[in-house]
Amino acid sequence: MNLRLRPYTVDDERAARRAEEIAAAEDSMFLLGMEPEMTWAEFLAIVEEQRLGLNPSKYRVRGLQLAATVDGELIGRASVRFELNEFFATEGGHIGYVVLPEYRRRGYATEILRQSLLIARAGGVDRILMYCSDSNVGSYTAIERCGGVLDEVIANDEGEPSWRRYWIE
Ligand SMILES: CC(C)(COP(=O)(O)OP(=O)(O)OC[C@H]1O[C@@H](n2cnc3c(N)ncnc32)[C@H](O)[C@@H]1OP(=O)(O)O)[C@@H](O)C(=O)NCCC(=O)NCCS
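Bear in mind the structure is a predicted one, so any value in this text is a computation, not a measurement.

### Some remarks on the overall build of the protein chain
Secondary structure summary: the protein chain contains five helices and seven strands in total. Helices (α) and strands (β) of the protein chain occur, in sequence order from the N terminus, as β-α-α-β-β-α-β-α-β-α-β-β. C-alpha atoms of the protein chain, sized along the principal axes, occupy 40 × 35 × 35 Å. Restricting to contacts in the protein chain with at least 6 residues of sequence separation, those with at least 24 account for 55%.

### Some points on helix H5 (residues 137–145)
For an α-helix, 3.6 residues make a turn, and residues three or four places apart therefore share a direction. If you check which residues of H5 are buried, you get Ser139, Ala142 and Ile143. Buried residues of H5, seen end-on, are gathered within an arc of 100° and therefore sit on one face of the element. In the core, the buried residues of H5 are packed alongside helix H4 (108–122), strand E5 (128–133) and strand E7 (163–168). Backbone geometry just after H5 places Gly147 at a positive phi near 95°.

### Considering the nonpolar core
Counting residues in each nonpolar core, the largest one holds 35 residues, and the members touching the most others are Leu113 and Met130. Elements that contribute at least two residues to this core include exactly helix H1 (13–25), strand E2 (63–70), strand E3 (73–81), strand E4 (95–99), H4, E5, H5 and E7. Take this core: its biggest share by element is six residues, from H4. Setting aside residues up to four positions removed in sequence, Met130 forms contacts with Gly93, His94, Ile95, Ile143, Gly148, Tyr166 and Ile168.

### A short note on the pairing of E3
Extensive coverage of E3 is indicated by the burial of seven of its nine residues. Turn length for the E2-E3 hairpin, with the two strands adjacent in sequence and antiparallel, is two residues, and the turn residue Asp71 shows positive phi of about 50°. As paired strands, E3 and E4 are joined by five bridges and run antiparallel to one another. Looking at the pairing, Gly76 lines up with Val99 of E4.

### Structural notes on unusual backbone geometry
Here Asn55, not a glycine, exhibits a phi torsion of approximately 50°, which is positive. Structurally, Asn55 can be placed in the loop between helix H2 (40–52) and E2. Backbone geometry at Asp71 places phi at a positive 50°, although glycine is not the residue there. With respect to the helices and strands, the residue Asp71 is situated in the loop between E2 and E3.

Conventions we followed
Residues numbered from 1 in each chain as written. Predicted model: local features only at pLDDT ≥ 70, side-chain atom pairs only at ≥ 80, totals over all residues. Helix = DSSP H or I, 4+ residues; strand = E, 2+ residues; numbered from the N terminus. Contact = placed C-beta atoms within 7 Å. Buried ≥ 20, exposed ≤ 12 C-beta atoms within 10 Å, placed from the backbone. Arc of directions from axis to C-beta. Core = buried A, V, L, I, M, F, W, Y, C linked by C-beta atoms within 7 Å. Pairing = 2+ DSSP bridges.

Laid out in structure tokens, this is it:
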């Protein structure tokens, strides 16, 4: 599979902003930390700060945001966190990903996760913590295909799907 995880560049703005709109329409986020009024250069600066572990916050710890491309097309993204704060330890986990709707069911999330695991380990993470919704079949299937072992299904408020916590050794 010709899937690459790579840093965003100045040339990605148009495709990445489109991806952000598509993800927002389904209540997800593509560009983490991007605000509506931000320039692309400002967003790239935030990604670089995050890589260096500067200005940590609830939603930002040292880690990488990477574009996922196939044959040069932006098809998704990965975010790999090398540290856990309280939020990521209890909700976000070490790795997050999105595959754009038109590219789903081709094994791309599974491949993004497979490559992200190597990146997380290269960044010093040993056991990988993953969370996903109990109703997100695509996500938990990808996690299980990459060796995830279900630790707990965490009940949520009534009417909300439960969350699954996985560890990948
Ligand atoms: C979840 C998501 C990342 C899955 O991406 P994907 O590239 O379609 O996943 P894969 O192709 O690797 O799917 C792996 C397996 O999951 C299962 N699967 C995937 N989507 C499914 C769906 N909608 N319904 C049922 N099973 C599904 C299939 O068994 C699939 O393998 P198969 O097609 O060979 O049968 C994608 O739907 C997405 O980006 N959703 C929105 C953001 C999100 O939920 N991110 C994860 C947060 S934890």
